[in-house]
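Here is how the chains run, residue by residue.
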Amino acid sequence: MAQNSLAEAVPLSPEPQQRPNIEQPQHQARPQSNPQRNPQSQKLPVSKFEKCLMTVCGLILATLMVFVVSSKIAMSNAQHELQSVNSNVTTIQNRNTNAQQEINELQSRTRLDKIAKKQGLTLQNDRIRNVNK
């Protein structure tokens, strides 16, 4: 073959080269799948106004958080005080009910009649007056 001068110098490459005059089945070109690199994100500078705005918003947020916590504490204290007052009211109502029951027992007609008989008193209905407050 070397004598007929058909030999060609072929450079070394990853894919074999094809001769244009020889028909071979066409291979579909594969797109090279190079991983696309994310362009490095450039940070934008923060202006003085934005810094001030973030500071003010942070202070407002911190103030609101403190306000919410203090409100919760105040509400808890108020509920505790209300419960204490309700307990005292219930106790006093029970005492009043007991005292009223005792008054009714002491004012009962039969008791008064027994005391009057012991003292030698008699009942005269025409002299009885009912007084209500």
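Residues numbered from 1 in each chain as written. Predicted model: local features only at pLDDT ≥ 70, side-chain atom pairs only at ≥ 80, totals over all residues. Heavy atoms only, no water.

Peer 1: How should I be thinking about the overall build of the protein in this particular structure?
Peer 2: Counting its regular elements, the protein contains two helices and zero strands. Every one of the 133 residues in the protein was classed for burial, and the buried ones make up 0%. (Helix = DSSP H or I, 4+ residues; strand = E, 2+ residues; numbered from the N terminus. Buried < 20%, exposed > 50% of the residue type's maximum accessible area, 1.4 Å probe, protein only.)

Peer 1: Honestly, a nonpolar patch on the surface in this entry has me stumped. Any pointers?
Peer 2: A cluster of nonpolar residues, Val56, Ile60 and Leu64, forms a patch on the protein surface that exposes about 270 Å² of accessible area. Relative to the assigned elements, Val56 resides in helix H1 (residues 48-106). Take Val56: its relative accessible area is 45%, and that puts it in the partly exposed class. (Patch = residues over 30% accessible without salt bridge, like charges linked within 9 Å, V, L, I, M, F, W, Y side chains within 5 Å. Areas by Shrake-Rupley, 256 points an atom, 1.4 Å probe, with all protein chains shown as cover. Salt bridge = Lys/Arg side-chain N within 4 Å of Asp/Glu carboxyl O.)

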